[in-house]
Amino acid sequence: MRYQQGMVTILAIFTLLTGLGSYAKEPIVGGDLVFATAFPVQTLDPHLALDNSSIQVSKAIYQTLVKYSTEDETIQPCLASSWQANKQGKEWTFHLREGIRFHDGAPFNADAVIFSFERQLNPNHPYYEEKCFYGRYLFGRIIDKLQAVDEYTVKFTLKSTYVPFLYSLVSPAAMIVSPKAVKEYGKNFYQHPAGTGPFKLLDWGGDGEVVLERYEDYWGEKAHLNSLVFRPIPQEDFMIQALRKRKIQGAEFESSAGIKLAAESANQLKLVEIPHLEVVYLALNMRKTPLNRLKIREALYRAIDKEKLQRMFYPEKAVIARSLIPPTLWGYNPDLSEYELNPKRSRQLLKEAKVEGLTINLWIPEIPTSHLPDPEGMAGQIKEDLAKVGINVQIVKMDWRSYLKGCEKGEHHMTLSGWKADFPDPYDFLYPLLDPQVLRESDNTNWSFYQSSFLHEILQRARQVSDRIERKRLYQVAQKIIKQDIPCIPLVHTRQTLAFSPEVEGISIDYAGAVEFNKMWISKK
């Protein structure tokens, strides 16, 4: 979802930069862990959580019906023990685990599931929360109705066949909250969370520090830690100092400078590198002349030095992109060809297209975002690259709202942007960014104004077929189509680094880059 500037929705395949060896040791029960976040927690209502810190804490408190396994990239049971879809793929029935209670003592059942979705989707619901726009974005066009078949069985009826629905249920918007707590605290529920997860809220102080404690009545394997503290530390150099002095036991590093600082302390810390489910790309508006011509778009692609952009603006923080889909996500096409940097070929293509003295604009947001740390600098480098082949670029800086609205309407020639997937399915990259059907929506995200009926048919098939192998094949075909048509230029896929002190064991990361604190413990050193 483009609008969540701080949201982390990333693939949980991670590279260990130091040998952890955690799983060969026997877990130790007890101990307290302090984890530093770059920003204070904004809310503990998971349906309102858009920032990294709030999502990280919410995942320790709340749970979803299903979860995504990073080991075999499959959907597995969580609060639902099993599920099935009808032959048309429009009705999904979930059988819930029995005997589970929320942190406030309320029972978990089908009514709680329906309540958690209805408060986001149904304006007529007595506890409808208007601010839950993320849930409406994710499920509003998908879910038609919900029904409690019995106390522990719930049925979702979709508006059309949508196989990625199962994957979307791992997102924070699908977390199940206690209806009792929402009714009791109303608009202040965000300060009084009640979920079914392995930790529950103990304190949320005025200094922004959130303290959780182990939930002793947790239905699954209990957390090893006694308590878990989330402490906001904005300066990343202070995070490193605190880690070295053992004042904290873990921290997240998002910026290139912070990641470099962490890498320099690799001999004293345990580092975990996490690739994001994100792409930074250059959208080429195919409704604008002459970007409606393939040779012009290829000339642009071959003139831009991606490696230089990565070195200058994402050192330590990103890898070069060949596709909109990150290489760590299932469905990525490893055999995808690439348009190599070749300014000479770019000039030749422009000559063949009989285009001289071309001037086009490049839109950027005036303030940095999580995926564009220096939009003006990047735009300047792209302008310099294109000037070498005879293309003049006019950089247009916009305030955030004007930037979004103008791009949705297609007022730009080119625009720098980034996309973070909401769940681990390639569909959540290709459909919102390039499907022509998106152009008819009020919040259009197809900023390339690409209208390939062939791609649309492929994506429609991919959302309807249940066979994973066939879906993967379809996504790989879709990437070939996109590469041939060049509606956009993928630039980089970003990543972050987590650092832990040596005594932390059992380090585990979920699909979205959130730490699974319930699996961690503190060794006696």
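Refer to the structure above for everything that follows.
What comes next is a walk through the structure. All values reported here derive from a predicted model rather than from experimental measurement.

Some words on the environment of Leu416
Relative to the assigned elements, Leu416 resides in strand E18 (residues 414-420). For Leu416, a relative accessible area of 0% gives the class buried. C-alpha of Leu416 to C-alpha of Glu376: the two residues are 40 residues apart in sequence and 9.9 Å apart in space.

Overview of the pairing of strand E9 (residues 199-204)
By the bridge criterion, five bridges tie E9 to strand E10 (residues 210-214) in an arrangement that is antiparallel. Counted as the bridge partner of Trp204 is Val210 from E10.

Some details on empty space enclosed by the protein
Any empty space left between the atoms is revealed when a probe the size of a water molecule rolls over them. Applying the stated criterion across every chain, the model contains two cavities of 30 Å³ or more. Taken as a whole, the second largest cavity spans an internal volume of roughly 90 Å³. What lines the second largest cavity is a set of 13 residues, and nearest its centre among them are Arg322, Ser323, Ile482, Lys483 and Pro490. If you list the elements that add at least two residues to the lining of the second largest cavity, you get helix H15 (468-485) and strand E19 (488-500). A total of three residues in the lining of the second largest cavity trace back to one element, the largest contributor, which is H15. Its residues assigned to classes, the lining of the second largest cavity shows nine nonpolar, two polar and two charged.

Overview of the nonpolar core
Residues Leu65, Phe94, Leu96, Phe117, Phe156 and Phe165 are the most contacted members of the largest nonpolar core, which totals 80 residues. For this core, the element with the highest residue contribution is helix H13 (residues 427-434), accounting for six residues. Those residues in contact with Leu65 that sit more than four places away from it in its chain are Pro77, Cys78, Leu79, Ala80, Phe94, Leu96, Phe108, Val113, Phe156 and Ile176.

Section: the environment of Val210
Tracing the chain through its elements places Val210 in strand E10. Among the residues examined, Val210 registers a relative accessible area of 0% and is labelled buried. Between the C-alpha atoms of Val210 and Lys519, which are 309 residues apart in sequence, the distance is 19 Å. Beyond its immediate chain neighbours, meaning those up to four positions away, Val210 contacts Val41, Leu44, Val57, Leu201, Asp203, Trp204, Leu228, Val229 and Phe230.

Brief notes about the side chain of Gln381
Residue position: Gln381 is located in helix H11 (residues 375-387). Look past the residues within four positions of Gln381 in its chain and what remains in contact with it is Lys308, Leu309, Met312 and Phe313.

Remarks on the sheet that holds strand E8 (residues 153-158)
Pairing in this open sheet of four strands is antiparallel, and the strands run E5-E6-E8-E7 from one edge to the other. Lying at the two open borders of the sheet, with one neighbouring strand each, are strand E5 (80-85) and strand E7 (143-150). Taken over all neighbouring pairs, the strand axes of this sheet differ in orientation by 20° on average, direction set aside. Examined bridge by bridge, E7 and E8 share six bridges and lie antiparallel to one another. Bridge assignment links Ile143 to a residue of E8, and that residue is Leu158. Those strands touched by helix H2 (residues 110-121) are strand E6 (91-96), E7 and E8, and its axis lies near 160° from that of E7.

Quick notes on the packing of helix H8 (residues 294-303) against helix H10 (residues 343-352)
With their axes 8 Å apart at the nearest point, H8 and H10 run at an angle of 165° to one another. It follows that H8 is roughly antiparallel to H10 by the angle criterion. Considering the relative orientation of H8 and H10, their crossing is left-handed. Contacts between H8 and H10 involve Lys295, Ile296, Glu298, Ala299, Arg302 and Ala303 from the first element and Pro343, Arg345, Ser346, Leu349, Leu350 and Glu352 from the second. Across the contact of H8 with H10, the residue classes break down as six nonpolar, one polar and five charged.

What to know about the pairing of strand E2 (residues 32-37)
Among the six residues in E2, five count as buried, and that is most of the element. With six bridges joining them, E2 and strand E11 (residues 227-232) adopt parallel strand pairing. Pairing of Thr37 across the sheet is with Pro232, part of E11. The pairing of E2 with strand E12 (residues 250-253) spans two bridges and is classified as parallel. Directly across from Ala36, in E12, lies its bridge partner Ala251.

Focus on the state of the cysteines
Inspection of the entire model under this criterion finds zero disulfides. Between Cys407, a free cysteine, and Cys488, which holds the nearest cysteine sulfur, the sulfur-to-sulfur gap is 14 Å. Cys407 sits in the buried class, given a relative accessible area of 0%.

Thoughts on a negative patch on the surface
Together, Glu98, Asp111, Asp150 and Glu151 make up a region of like negative charge exposed at the surface. Of note, Glu151 is situated in the loop between E7 and E8. With a relative accessible area of 47%, Glu151 lands in the partly exposed category.

A word on the packing of helix H14 (residues 453-464) against H15
At a minimum axis separation of 9 Å, H14 and H15 run at an interaxial angle of 165°. In terms of orientation, H14 and H15 fall into the roughly antiparallel class. Note that H14 runs across H15; the crossing there is left-handed. The segment H14 lies against H15, with Phe454, Leu455, Ile458, Leu459, Arg461 and Ala462 engaging Arg471, Leu474, Tyr475, Val477, Ala478, Ile481 and Ile482.

What counts as what
- Residues numbered from 1 in each chain as written.
- Predicted model: local features only at pLDDT ≥ 70, side-chain atom pairs only at ≥ 80, totals over all residues.
- Heavy atoms only, no water.
- Helix = DSSP H or I, 4+ residues; strand = E, 2+ residues; numbered from the N terminus.
- Buried < 20%, exposed > 50% of the residue type's maximum accessible area, 1.4 Å probe, protein only.
- Pairing = 2+ DSSP bridges.
- 1 Å grid on protein atoms, 1.4 Å probe; cavity = no way out; pocket = protein on both sides within 12 Å on 5 of 7 lines; lining within 4 Å.
- Points joined across faces, edges and corners; volume = space filled by probe spheres on them.
- Nonpolar A, V, L, I, M, F, W, Y, C, P; charged D, E, K, R; others polar.
- Core = buried A, V, L, I, M, F, W, Y, C linked by side-chain atoms within 4.5 Å.
- Contact = heavy atoms within 4.5 Å.
- Axes fitted to C-alpha atoms, helices over the stretch in contact; angles between N-to-C directions.
- Parallel < 35°, antiparallel > 145°, perpendicular 65-115°, else oblique.
- Left-handed = near helix turned anticlockwise from the far one by under 90°.
- Disulfide = S-S within 2.5 Å.
- Patch = residues over 30% accessible without salt bridge, like charges linked within 9 Å, V, L, I, M, F, W, Y side chains within 5 Å.
- Areas by Shrake-Rupley, 256 points an atom, 1.4 Å probe, with all protein chains shown as cover.
- Salt bridge = Lys/Arg side-chain N within 4 Å of Asp/Glu carboxyl O.
- Lys, Arg positive; Asp, Glu negative; His and termini not counted.
- Charge placed at Lys NZ, Arg CZ, Asp CG, Glu CD.

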